[in-house]
Amino acid sequence: MSYFKLPKLTTFVWKVWLRNRDVFMKTYKVNFLPPFIEPLLYLFALGFGLGTYIDTMDGISYPRFIAPALISISIMNSAFFECTFGSYVRMYYQKTFDAIIATPVSIEEVITGELLWGATKSLINATIMLPVLTAFKLIELPHALLVIPFAFIAGFLFASIGMCFTAISPNISTLNYPTFLFITPMFLFSGTFFPLQLLPEPIQYFALIALPLTHVVSIIRALTLANLSSFLLVNLAWILTVSLILFVLSVNLMKKRLIV
Amino acid sequence: MDEISFAVEKGEIFGFLGPNGAGKTTTMNMIQCISPKTSGTLEVMGMDVNTHQREIKKNLGVVPQENNLDPDFTVYENFLAYSRYFNIPRESAKKIIDELLDFVQLTEKKDTLIEPLSGGMKRRLILTRALINKPKILILDEPTVGLDPQARHLIWDKIKSLKSQGVTIVLTTHYLDEAARLCDRLVIMDYGKILVDGTPNDIVKEYIGTDIVEAENNPSVIACLKKRAARFEALGETLQIYTNNPQEITSALLKECPLRPITARSASLEDVFLRLTGKKLRE
């Protein structure tokens, strides 16, 4: 079976998306709380705590510097964890995928629905953070509103990355490896809490080539500071290309895992 | 699977029997268009399983071996989500769900989450879920596994009433009494091959006879039986004698051999099953 066979999809994808949305909405009060609280915690600890010792970072106040990073990290975490631990539980423990593929819905559509749901969670969480950050005057409207559609695109990237790991993880605890070896370093070294330029040059290149969050932070920072540049097109092209490749790969890997 | 061949007629209950690992579930998965076949032909309602998956799956109802009701939802929400996978409009889905819950007598559990329900209720719900699209073919993979006798009888009743409504039913089971009771025709499989096929009665008559006489496994009984050219097999401490005339063989044994405990009973599908697939000492 090929790893890069394009999946055939129909509107059944949305039925899978709807299933996840319905579950989410059953407990929406709890679900809306973390994206609301989390940026506040980081802002107080890092922005207003540590930040008092930092006059400016890259020419702007420290809370303004990290505000877009907080959004980016939330986008990364929501989609990645939804499509790793969340999808793994549905696939392995709840047998939800098995139940769905006994209907006219295909496995490709199930996985795509899961990915779109992961991206939707990124969008929801990023959207909830915007008013909080606006209240502290850390982001520029209306530019920052573009974060909302972009959160879906970036979320889809992290969802696809997560799904690839889910497809090859022998059990749920091995999903901790990508979390600690990939997500945590990205959290720290993608231009999140200090500019990328402070890192040694080879590592800067490495971050641009291999750490997706770098590109996401770059775009979101440009949007929240209303400071656009042409390099953003490179960031966007990287994100779209890698998303497409990993989307197709994750669907085929899951197909291989669940069928035959 | 190794060159299996079978045909299920419209409106009948067809069983796949066999020990664990015989290939029953694999066959079910192929019929459901989930595991692709690598060679040969397999048609469901005249459509090839490798090319017409969606059309076939639209007409199937599936009861899987493992319960996979959605624990994130209540009973009703489970069915509603499931109805969407068949593109059933919401309003008609609601009507169908109410009818079905009534059919399996679980209307009062409509708004309960799945987790606290008993095994029997979950199994009934899985059967109900399989009916949501009004399937023409129902695939039951061990429909009564782990159920108490009351729940098994209820499921059997439902299966029979579905058959009378014209639904074709394909099932696998480890319970041979269940197979004998439900199946119009069945096959016994082992190691990916079909060993026998036919109606339960014909299979028993062909491979065993009408009755089985059980006697103690000792040399004098064996000598008696060999003299009479009886068909028998040793199964541990007992000898099983296959016969259509249990009275004759029983009285002969009682007359000719030292008196020993001896029992006669009707032959069952289980005897055929063990004879074909069991690991017993053969004479």
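Residue indices follow the written sequence of each chain, beginning from 1 at its first position. Chain letters start at A and ligand numbers start at 1, both assigned in the order the entries are written. Where local features are concerned, this predicted model is filtered to residues with pLDDT of at least 70; where side-chain atom pairs are given and counted, the filter is 80 or more; whole-chain, interface and lining totals use all residues.

1. Points about the overall build of chain A
Helix and strand labels come from DSSP, where a helix needs a run of H or I of at least four residues and a strand needs a run of E of at least two; each type is numbered from the N terminus. Scanning chain A from terminus to terminus reveals 10 helices and zero strands. When the helices and strands of chain A are placed in sequence order, the string is α-α-α-α-α-α-α-α-α-α. Between the two quantities, the radius of gyration covers C-alpha atoms and the globule rule is 2.2 Å times the number of residues to the power 0.38. Here the C-alpha radius of gyration of chain A, 19 Å, is about what a compact globule of 260 residues would show, namely 18 Å. Along the three orthogonal principal directions, the C-alpha set of chain A runs to about 60 × 45 × 35 Å. Within chain A, buried positions represent 47% of all 260 residues. Taking contacts inside chain A between residues at least 6 apart in sequence as the whole, the part at least 24 apart equals 81%. For the exposure call, what matters is how many other C-beta atoms sit within 10 Å of a residue's own: 20 or more marks it buried, 12 or fewer exposed, and in between partly exposed, using C-beta atoms placed from the backbone. C-beta atoms are placed from the backbone for every residue, and two residues are taken to be in contact when these atoms lie within 7 Å.

2. Topic: the packing of helix H3 (residues 62-93) of chain A against helix H6 (residues 147-168) of chain A
All names here are of chain A. To obtain each axis, a line is fitted to C-alpha atoms, and for helices this fit is confined to the stretch in contact; angles are then taken between N-to-C directions over 0 to 180 degrees. For the pair H3 and H6, interaxial distance at closest approach is 8 Å and the crossing angle is 35°. Remark: the crossing between H3 and H6 carries right-handed chirality. Mapping the contact onto sequence places Ile-71, Ile-75, Met-76, Ser-78, Ala-79, Phe-80, Glu-82, Cys-83, Thr-84, Ser-87 and Tyr-88 in H3 and Val-147, Ala-151, Ala-154, Gly-155, Phe-158, Ala-159, Ile-161, Gly-162, Met-163, Phe-165 and Thr-166 in H6. Classes in brief: Ala, Val, Leu, Ile, Met, Phe, Trp, Tyr, Cys and Pro nonpolar; Asp, Glu, Lys and Arg charged; the others, Gly included, polar. Within the contact of H3 with H6, the residues separate by chemical class into 15 nonpolar, six polar and one charged. In a left-handed crossing the near helix is turned counterclockwise from the far helix by less than a right angle, and in a right-handed crossing that turn is clockwise.

3. Some remarks on the domain arrangement of chain B
Reports of interface size often rely on the accessible area that becomes lost once the parts have come together. Domain segmentation is taken from an automatic or database assignment of domains. Splitting chain B by domain gives domain 1 (13-203) and domain 2 (209-266). Of note, the centres of domain 1 of chain B and domain 2 of chain B, computed from C-alpha atoms alone, are 41 Å apart.

4. Things to note about the interface of chain A and chain B
In this assembly, 19 residues from chain A lie in contact with 19 residues from chain B. Elements supplying a minimum of two residues to the side of chain A that touches chain B: helix H1 (12-26) and helix H4 (96-101) of chain A. Ranked by residue count, the leading element in the side of chain A that touches chain B is H1(A), at six residues. For the side of chain A that touches chain B, the residue count by class is 11 nonpolar, three polar and five charged.

5. Topic: the confidence of the model for chain A
Within chain A, residue pLDDT values average 94, and 99% of them lie at 70 or more. The predictor reports its confidence for every residue as pLDDT, a score running from 0 up to 100. When pLDDT is averaged over each element of chain A, H6(A) comes out on top at 98 and helix H2 (residues 28-49) of chain A at the bottom at 87.

6. Some remarks on the nonpolar core
Any nonpolar core is a set of buried residues, restricted to Ala, Val, Leu, Ile, Met, Phe, Trp, Tyr and Cys, that join up through C-beta atoms within 7 Å. Formed by 140 residues in total, the largest nonpolar core has its most connected members in Ile75(A), Met76(A), Val147(A), Phe158(A), Val216(A), Ile139(B) and Ile241(B). With 15 residues, the single largest contributor to this core is H3(A). Counting contributing residues, this core receives three or more from each of domain 1 (13-203) and domain 2 (209-266) of chain B. Once you skip the residues sitting within four places of it in the chain, Met76(A) turns out to touch Phe158(A), Ile183(A), Met186(A), Leu213(A) and Val216(A).

7. Observations regarding the sheet that holds strand E12 (residues 262-266) of chain B
Residues and elements named next belong to chain B. Strand order across the open sheet formed by four strands is E10-E11-E9-E12, with antiparallel pairing between neighbours. Either end of the sheet is taken by a strand with one partner, and the two such strands are strand E10 (231-235) and E12. Strand-to-strand twist in this sheet, taken as the mean axis angle between neighbours without regard to direction, amounts to 25°. Strand direction decides the pairing type here: strand E9 (residues 211-216) and strand E11 (residues 238-243), joined by six bridges, are antiparallel. The residue of E11 that forms the bridge with Asp-211 is Thr-243. Pairing between strands is defined by DSSP: at least two bridges between them are needed.

8. Quick word on helix H9 (residues 212-224) of chain A
Residue and element names in this part refer to chain A. Relative to the 18 Å expected for 13 residues at 1.5 Å per residue, H9 spans 19 Å between its end C-alpha atoms, a close match to the ideal helical length. The element H9 is largely enclosed, with a buried count of 12 among its 13 residues. Within H9, the full set of buried residues consists of Pro-212, Leu-213, Thr-214, His-215, Val-216, Val-217, Ser-218, Ile-219, Ile-220, Arg-221, Leu-223 and Thr-224. The secondary structure elements touched by the buried residues of H9 are H3, H6, helix H7 (176-189), helix H8 (201-210) and helix H10 (231-258). Where H9 ends, the next residue or the one after it, Ala-226, has phi of about 50°, a positive value. By this rule the span expected of a helix is its residue count minus one, scaled by 1.5 Å.

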